[in-house]
Amino acid sequence: MKTFLPVNEPDLSGNEKKYLQECIDTGWISSEGPFIEKLENGIANLCNRKHAISVSNGSAALELAVQVIGIGKGDEVIMPTFTIISCALAVVRAGATPVYVDADPLTWNMKVGDIEPLINERTKAIMAVHIYGITVDMDPLLEISKKYKLKVIEDAAEVIGQTYKDLPCGSFGDISTLSFYPNKHITTGEGGMVLVNDDELAERCKSLRNLCFGKTDRFVHEELGWNFRMSNLQAAVGVAQLERLPETLEKKREIGRLYHQHLEGCESFTLPLVQTTYCENIYWVFGIISKIKSKDARWWMNKLAAQGIGTRPFFYPMHLQPTLHNGSQTKGKLPISEMIACYGLYLPSGLTLCEDRISTVCKKLNS
Ligand SMILES: Cc1ncc(COP(=O)(O)O)c(C=O)c1O
């Protein structure tokens, strides 16, 4: 391969430039401007939620979600260990303790069957994080939350446009979050969204993202807020991206189909599931797991990098993160997540990929 093939590339070939030009021509470049409302309404509609509150990134969305549903000191939140650190950081920063669940070896999502034994009087919420294109099995999770009166936070960052049993991701539980980082199905460069139905929670999110300015006396602030605002420039890109979401999802599915086709019969890897009983994979990224003990993800990544192919390792589990480790869960306790973190990597999955390049990547892997 002559040029380096990046692991991800956004497609900005729609109305992105036109809408950005509109922002510049009209001077609406801050967080006040018409594209913000357009994007919020469009995403609320997509996710079947009453309110969508734009924020500066997906990690900020999680911080807000955890805060507004009332998680605080002494609480425990049950969540996957196999996820991005943003999920655990939001919980830890709120003064609460993450309690980790191992991953399912096939879907790589949290094992919903492992949640119930972890519940005690301190448990306040369950955080469901959809991983790599397949969703968490939400029905049994929601049943558990109902039985024990627990809040549910849904992190749908990686599955914008995906459905669980025909219902849109981003519509489950008390509150949901999205990310619009450039590798997501909708990008705004940097950006995110909080989704809720409850009017009060929505108002609180809006206030907290905007420094909690006073309602009567602007500079007498009501709470300790943040500046988590999205700019109209970012929202302009997001609106153009949202217009083409069906195409984007079709492209992701096509990438998934082609990788499966070109890696068929390859004995060295476990490939991602094509579907479960409740959803079809939309391949946010195409992850593979090395089956060869002596060749871990790093080994494959180095080989591929030497041939001009960009990859990423799977998430490193939260229970092993030095900065988060609280001594209560140690190595060996959540073995599936540890195994997939060691042997899992994902292949180029960007929207500009063509079959030729996928075929080349697979030929290198097969050889
Ligand atoms: C599942 C999940 N949640 C949250 C985030 C954080 O989003 P951001 O990078 O926009 O802060 C990511 C980022 O990739 C993610 O994959």
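Note on numbering: residues in each chain are counted from 1, in written sequence order. Under the rules for a predicted model, residues below a pLDDT of 70 receive no local features and side-chain atom pairs below 80 are neither given nor counted, while totals for whole chains, interfaces and linings still include all residues. For side-chain calculations, the full set of non-hydrogen atoms in the structure is used, while hydrogens and water are omitted.

Section: the pattern of salt bridges
By convention in these notes, a salt bridge is any Lys or Arg side-chain nitrogen within 4 Å of a carboxyl oxygen on Asp or Glu. Taken as a whole and assessed by the stated rule, the structure comprises 17 salt bridges. With a shortest N-O distance of 3.4 Å, Glu63 and Arg93 are connected by a salt bridge. One end of the pair, Glu63, is in helix α3 (residues 58–68); the other, Arg93, is in helix α4 (residues 85–93), with 30 residues separating them in the sequence. Three exposure classes are used, based on accessible area relative to the maximum for each residue type with a 1.4 Å probe and protein chains only: buried under 20%, partly exposed in between, and exposed over 50%. Relative accessible area serves as the criterion here: at 13%, Glu63 is assigned to the buried category. Among the ionic pairs, Lys165 bridges to Asp139, the shortest N-O distance being 2.7 Å. With Lys165 in the loop between β6 (163–164) and β7 (167–168) and Asp139 in helix α5 (residues 138–147), the pair connects residues that are 26 residues apart, well separated along the chain. The class for Lys165 is partly exposed, based on a relative accessible area of 43%. A residue is classified by how much of its surface remains accessible, and Asp139, at 33% relative accessible area, is partly exposed. Counting from the N terminus, the helices are the DSSP runs of H or I reaching at least four residues and the strands are the DSSP runs of E reaching at least two.

Thoughts on the environment of Ser290
Along the chain, Ser290 falls in strand β11 (residues 286–290). Given a relative accessible area of 5%, Ser290 falls into the buried group. In contact with Ser290, other than residues within four places in its own chain, are Ser268, Phe269, Lys295, Trp300 and Tyr343. Within the structure, Ser290 has its side chain in polar contact with the backbone oxygen of Lys295 (distance 2.6 Å). Residue contacts are defined here by distance: any two heavy atoms, one from each residue, within 4.5 Å place the two residues in contact. Throughout this description, a polar contact denotes any pair of N or O atoms lying within 3.5 Å of each other; where both atoms belong to protein, one of them has to be capable of donating a hydrogen while the other can accept it, and for residues adjacent in sequence the pair is counted only when both atoms sit in side chains.

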